[in-house]
Protein chains: 2
Amino acid sequence: MSTRKSPPGKDRHGNSYDASCPTRQVLDRIGDKWTVLVLILLVDGPVRFNELRRRIGGVSQKMLSQTLKSMERDGLVRRHAIATVPVTVEYSITPLGLTLATLMDQVRLWAERNLGQVIAAQHRYDAAAQASDRAA
Amino acid sequence: MSTRKSPPGKDRHGNSYDASCPTRQVLDRIGDKWTVLVLILLVDGPVRFNELRRRIGGVSQKMLSQTLKSMERDGLVRRHAIATVPVTVEYSITPLGLTLATLMDQVRLWAERNLGQVIAAQHRYDAAAQASDRAA
DNA sequence: CGGGATCCGCATCGATACTG
DNA sequence: CAGTATCGATGCGGATCCCG
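Quick caveat: nothing in here was measured; it's all calculated off a predicted structure.

A. Quick peek at the protein's contact with DNA strand C. Lining the immediate environment of DNA strand C, one finds 18 residues, of which Lys62 and Met63 of chain A together with Phe49, Asn50 and Arg79 of chain B sit closest. For DNA strand C, the fraction of protein-proximal atoms (within 4 Å) that sit in sugar or phosphate groups is 62%. For DNA strand C, a base oxygen lies 3.1 Å from a polar atom in the side chain of Gln61 of chain A. Between Ser65 of chain B and DNA strand C, the recorded distance is 3.0 Å, taken from a side-chain N or O atom to a phosphate oxygen.

B. Spotlight on the protein's contact with DNA strand D. Neighbouring residues of DNA strand D: 20 residues in total, closest Ser65, Arg79 and Tyr91 of chain A together with Lys62 and Met63 of chain B. Residue Val89 of chain A places a main-chain N or O atom 3.5 Å away from a phosphate oxygen belonging to DNA strand D. When residues of the surface near DNA strand D are traced back to their parent elements, those giving at least two are helix H3 (49–55), helix H4 (61–73) and strand S3 (88–93) of chain A together with helix H4 (61–73) of chain B. Of the residues that constitute the surface near DNA strand D, the class distribution is seven nonpolar, seven polar and six charged.

C. Broad picture of helix H2 (residues 35–42) of chain B. Buried residues dominate H2 of chain B, accounting for eight of its eight residues. When we look at burial in H2 of chain B, the residues that qualify are Thr35, Val36, Leu37, Val38, Leu39, Ile40, Leu41 and Leu42 of chain B.

Parameters and conventions
Position numbers for residues count from 1 along each chain, tracking the sequence in the order it is written. Note on labels: chains are lettered from A, ligands numbered from 1, in written order. A pLDDT threshold of at least 70 governs which residues receive local features in this predicted model, and a stricter bar of 80 or more applies before side-chain atom pairs are shown or counted, although totals over entire chains, interfaces and linings include all residues. Water and hydrogen atoms play no part in the side-chain values, which are based on all heavy atoms of the structure. In this text, near means that some heavy atom of the residue lies within 4 Å of the molecule or strand in question. Counting of polar contacts relies on pairs of N or O atoms within 3.5 Å, with two restrictions inside protein: one atom must be capable of donating a hydrogen and the other of accepting it, and residues adjacent in sequence are counted only when both atoms are side-chain atoms. Counting from the N terminus, the helices are DSSP H or I runs at least four residues long and the strands are E runs at least two residues long. Three classes are used, and their members are as follows: Ala, Val, Leu, Ile, Met, Phe, Trp, Tyr, Cys and Pro are nonpolar, Asp, Glu, Lys and Arg are charged, and the others, Gly among them, are polar. Here the term buried applies to any residue with accessible area under 20% of the maximum for its type, exposed to any over 50%, and partly exposed to those in between, with areas from a 1.4 Å probe on protein chains only.

It is worth stressing that arrangement in space is one thing and function is another; only the former is reported here.
This is how it looks when you write it as structure tokens:
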């Protein structure tokens, strides 16, 4: 997006971001704790519910269920219920979800490359804060 | 995100996800309700606190303050306090923050292009849900 | 003007139990 | 196996007051 004066295409974020702005609506969804992780996992192919649970550590079945339901509602994933003896349910990514997953994968790459800088900045910040505390 | 202290020793149910996963750590930050919006606004140049508040509708001063503080801690923005008669404080984006802002701006573009599809999917989903309710 | 401190409602999330 | 239902704890985020 370059610097302040040369926006790419239709850059109109000089105005206020009211709640109705699309950015915020999408941000509220991917801001969710699990949505992005599910999205990235499903890129490689359909995954069953409990396998999803295993691959994403630390998610409760309730949260995963909720997450998948809203993702399905938003058209990001598709649900396939197979009537086997113990019910089998597979989740797969939709074309729309795939475009978003591609974006979020870049965020993942950014994270891997720059997390070190973030951590370093934190250490510097905390050290400076402690110094002020001693001064006071 | 906030100033999450992250109690890492607390792993009651055994298999918690790996906190060392960079994706998750960054996601927790941008998952924050305001961070991304502030980031994108600051791309155009330094902005003062209250102007930031006006440009971003619906943010309380507490949340904006908290957000800016963690962003500063993470090295995404820089704070400039100018000792004028009523204190003036400007926030500007850092090079690191700019790289992340570039990414998030693409998310913003995705939102503007695809929000319609998401809304449409929701309508379809809700309509189908109502149909099942009538069947039952 | 910028922002820290405090109180508190309300949404979120985890754990548990139950259904199909 | 794949959920739903309910309860309870946690803590985000808003409102208000106050200080530099």
